[in-house]
Amino acid sequence: MTEAPAARPAYRRILLKLSGEALMGDKPFGIDEGVVARIAAQIRGVFETGVEIGIVVGGGNVIRGLAASHRGVERATGDYMGMLATVINSLAMQDALEKTGVPTRVQTALEMRSVAEPFIRRRAIRHLEKGRVVIFGAGAGNPYLTTDTAAALRANEVQAEILLKATQVDGVYSADPRRNADAKRLPQVTYQEVLERNLGIMDAAAISLCRENDLPIAVFDLGVEGNILRVVLGERVGSLVK
Ligand code: UDP
């Protein structure tokens, strides 16, 4: 029996940002392997369309530098701890993806050569061209940044055509939907509006980087099965920042 051909992607290359919290499912902390396997299965479906995929994973399921600093850890040290957490998550994602048969490479912004390749932009692009999913660990390698900013950076560096911000809400809202019943989802919004109205989907550094380079950002709910694929196929899901 021959399989139906996969639908055509709307993009040649994408960068997917997954928060660390997305990997912990209902747990209070850490990694839920079942959840990671389900995300990997979704990414496998996207991979089958032939689109080139880069991934940045956060570390908030383990530690965030800012939160640790409120508990007394020196801020920069806390941030390095956070970056190391993203490497743990990157390896979990790599493991789950390879189990679905997707070839991957992990590249880290902090060197740890016995664990992963160092981030080398041109090599990352080569991997993508060869059909390997590249997972970028350790954020941007600098404290005082977030993995959202790292995702915007890497997306621009590897010339992705869109940044996919997979999150827990189904798009950008006019106000925080958890606190304001009148908050409305905005199907399309400009970078400027996101910054001026402080719409809080990504930090300002990430939004500014995307704005300067005309990189659109798709914001959508990762919890809805198949959403990553829908965005990649060009369907209007969630919100588009452009
Ligand atoms: N971090 C950093 N520099 C970076 C990326 C991340 O210092 O370039 C640290 C920072 O402390 C951050 C933590 O790593 O809080 C985990 O990343 P993030 O909070 O962005 O993860 P997410 O919210 O996506 O799970």
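A short tour of the structure in this document, coming up. (Residues numbered from 1 in each chain as written. Predicted model: local features only at pLDDT ≥ 70, side-chain atom pairs only at ≥ 80, totals over all residues. Heavy atoms only, no water.)

### A word on the environment of glutamate 129
Topologically, glutamate 129 is positioned in helix α4 (residues 121-129). Judged by its relative accessible area of 45%, glutamate 129 falls in the partly exposed class. In the structure, glutamate 129 is positioned 116 residues away from arginine 13 in sequence and 9.2 Å away in space, judged by C-alpha atoms. (Helix = DSSP H or I, 4+ residues; strand = E, 2+ residues; numbered from the N terminus. Buried < 20%, exposed > 50% of the residue type's maximum accessible area, 1.4 Å probe, protein only.)

### Remarks on the packing of helix α1 (residues 33-47) against helix α3 (residues 75-99)
Two elements in contact, α1 and α3, have axes separated by 9 Å at closest approach and are oriented at 60°. As the angle between them shows, α1 and α3 are arranged oblique. With respect to the hand of their crossing, α1 and α3 are arranged in right-handed fashion. Between α1 and α3, the contacting residues are Val36, Ala37, Ile39, Ala40 and Ile43 on the first element and Ala92, Met93, Ala96 and Leu97 on the second. Grouping the constituent residues of the contact of α1 with α3 by class yields nine nonpolar, no polar and no charged. (Axes fitted to C-alpha atoms, helices over the stretch in contact; angles between N-to-C directions. Parallel < 35°, antiparallel > 145°, perpendicular 65-115°, else oblique. Left-handed = near helix turned anticlockwise from the far one by under 90°. Contact = heavy atoms within 4.5 Å. Nonpolar A, V, L, I, M, F, W, Y, C, P; charged D, E, K, R; others polar.)

### Some remarks on the pairing of strand β6 (residues 162-167)
Most of β6 sits out of view: six of its six residues are buried. Here β6 shows two buried faces, one formed by Ile162, Leu164 and Ala166 and the other by Leu163, Lys165 and Thr167. In this sheet, β6 lies alongside strand β1 (residues 13-18) in parallel orientation, the contact comprising five bridges. Within β6, the residue paired with isoleucine 14 across the bridge is isoleucine 162. Bridging between β6 and strand β10 (residues 217-221) involves five bridges; their strand directions are parallel. Looking at β10, one finds that leucine 163 is bridged to isoleucine 217. (Pairing = 2+ DSSP bridges.)

### With respect to the sheet that holds strand β4 (residues 117-118)
Ordered by their spatial adjacency, nine strands build an open sheet running β4-β3-β5-β2-β1-β6-β10-β11-β9, and the pairing between neighbours is mixed. With one partner strand each, in any of the chains shown, β4 and β9 (188-189) form the two edges of the open sheet. Sheet topology note: the β1/strand β2 (residues 52-57) ladder contains six bridges and is parallel. Bridge pairing links leucine 18 to valine 57 in β2.

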